[in-house]
Amino acid sequence: MRWIVIGSLALAMYIVYLLSPILTPFLAGAVLAYLFDPLVTRMVGWKINRTLGTTVVFFVIMLVMILAVLALVPVIINQAVKLVTVFPKLLTMLQDQLVPYLNGRLGLDINLNSVTQLTVQHAQEIGTVLAKSATVVFGNGSAVVLSMMNLILIPVIGFYLLRDWPQLLQKIQALMPRQQEPQWVALAQESNQMLGGFLRGQLAVMLANGITYAIGLTVVGLETGVVIGMAAGMLSFVPYLGNVIGITTALIAMYIQTGEFMPLLWVLIVFVIGQTLESVLWQPRFVGERIGLHPVAVIFAVMAGGVLFGFFGVLLALPVSAILVVLGRHALKWYRESPFYEDADKVKILLAPFKDNVAEKSK
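Reading the values: the criteria
Residues numbered from 1 in each chain as written. Predicted model: local features only at pLDDT ≥ 70, side-chain atom pairs only at ≥ 80, totals over all residues. Heavy atoms only, no water. Helix = DSSP H or I, 4+ residues; strand = E, 2+ residues; numbered from the N terminus. Contact = heavy atoms within 4.5 Å. Areas by Shrake-Rupley, 256 points an atom, 1.4 Å probe, with all protein chains shown as cover. Core = buried A, V, L, I, M, F, W, Y, C linked by side-chain atoms within 4.5 Å. Buried < 20%, exposed > 50% of the residue type's maximum accessible area, 1.4 Å probe, protein only. Salt bridge = Lys/Arg side-chain N within 4 Å of Asp/Glu carboxyl O. Phe/Tyr/Trp six-rings, centres within 6.5 Å; stacked < 30°, edge-to-face > 60°.

## Remarks on the overall build of the chain
For step 1, the next point in the chain: Scanning the chain from N- to C-terminus turns up 15 helices and 0 strands.
For step 2, the next point in the chain: Taking contacts inside the chain between residues at least 6 apart in sequence as the whole, the part at least 24 apart equals 67%.
For step 3, the next point in the chain: Carbon together with sulfur atoms contributes 73% to the accessible area of the chain, which is approximately 24,500 Å² in total.

## A closer look at the nonpolar core
For soluble globular proteins, the rule of thumb is that nonpolar side chains tend to be buried together.
For step 1, the next point in the chain: Ranked by internal contacts, the top residues of the largest apolar core, which has 18 residues, are Tyr34, Val57, Leu162, Met194, Leu195 and Leu199.
For step 2, the next point in the chain: Counting only elements with at least two residues in this core, the list comes to helix H2 (24-45), helix H3 (50-84), helix H7 (141-163), helix H9 (181-219) and helix H13 (295-336).
For step 3, the next point in the chain: For this core, the leading source of residues is H2, giving 5 residues.
For step 4, the next point in the chain: Those residues within four positions of Leu199 in sequence are excluded, and the remaining contacts are Tyr34, Leu35 and Pro319.

## Some words on the pattern of salt bridges
For step 1, the next point in the chain: For the coordinates displayed, the defined rule picks out 2 salt bridges.
For step 2, the next point in the chain: With a closest N to O distance of 2.5 Å, Arg50 and Asp37 form a salt bridge. Of this pair, Arg50 sits in helix H3 while Asp37 sits in helix H2, and the two are 13 residues apart along the sequence. Side by side, Arg50 and Asp37 carry an identical accessibility label, which is buried.
For step 3, the next point in the chain: In this structure, Arg163 engages Asp164 in a salt bridge whose closest nitrogen and oxygen atoms are separated by 3.1 Å.
For step 4, the next point in the chain: When its relative accessible area of 27% is taken as the criterion, Arg163 is described as partly exposed.
For step 5, the next point in the chain: Asp164 gets classed as partly exposed once you look at its relative accessible area, which sits at 26%.

## A word on unusual backbone geometry
For step 1, the next point in the chain: Backbone geometry places Lys47, a non-glycine residue, at a positive phi of 70 degrees.
For step 2, the next point in the chain: Of note, Lys47 is situated in the loop between H2 and H3.
For step 3, the next point in the chain: Judged by its relative accessible area of 77%, Lys47 is exposed.

## Digging into helix H10 (residues 225-234)
For step 1, the next point in the chain: Of all 10 residues in H10, 7 are buried, a share of seventy percent or more.
For step 2, the next point in the chain: Burial in H10 covers these residues: Gly225, Val226, Val227, Ile228, Gly229, Ala232 and Gly233.

## Some thoughts on the packing of aromatic side chains
The geometry of an aromatic ring pair is captured by two quantities: the separation of the ring centres and the angle between the planes.
For step 1, the next point in the chain: Within this structure, the stated rule accounts for 5 aromatic pairs.
For step 2, the next point in the chain: Considering the side-chain rings of Phe58 and Phe159, the 6.0 Å spacing of their centres and the 70 degrees angle between planes classify their relative orientation as edge-to-face. Of this pair, Phe58 sits in helix H3 while Phe159 is found in helix H7, placing the two residues 101 residues apart along the sequence. Neither residue differs from the other here; Phe58 and Phe159 are each classed as buried.
For step 3, the next point in the chain: What links up through ring pairs into an aromatic cluster is the set Phe58, Phe159 and Tyr160.

By themselves these figures say nothing about function.
Set out below in structure tokens:
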């Protein structure tokens, strides 16, 4: 029976892997339903019909998204265009200021003009390659139709899953083996408590960081402060990544914009304040110690998720890690209660056949 269960799980995972290209809207819809189920459940407690509560929640979500697009997208596009122009200005600055210093002090013969000239000479070829690539990517009618269908299906799937969420959970619970049901339900409840709190908390921390950095960088006069600040905030779910990218990009953009070193100090102050708020206020308030993973483990989880499942693998790496933490905790408890941990004599008896085989081979 155990091997049947293991084989079934392996087959299910393989099927999910094969169907991964079309699972995006279903996965995104399930995440939406999971995140907003507590809110709709609370509305049901207020004697509001669940279908009506789900409709209200999705209406508010769509309204907020539309307002955010109308308010932020023009600003982000404008600042993104300015940010793109930073690269050639950076090359010019390096060639005019840093390269002469390095050549004089170290006796080198560095010349970045050749890089700039090479880029200009091959700009037409690069443009042609990009145009052909765009034709390949966007010229495939089925790919475009599939992408549009995914965008349309996400709210539709999310709506139906959120409306029927309690019934779905009841049906899943009814399929569990009767004797093991209490243990599985307890495990699921513990995972849900950690995962739900972590997901909602981490999203709140990312949004708070993005707003803090965007406002701070804009106040100190950085023209691309909104883009850099929001990007740093959205990347803050990976330890140090958001800060490293945000600080580096903001320092370069600010120096190219002003040509002075004093404004760079204000950029550093903004990120110090943002990091302090995250450590003292945002993380304890929204996330706390719900997942308890070492930063190195977080980085590994994110990278592994990206390699295995792409962009959504990156997004789901930490939630899956939160569930694995719960499973690992129960596995550790089982191990400590097993003969391997408690009774050395029983362990010796169990390992005796293996020791005899090793002894015979050594002879």
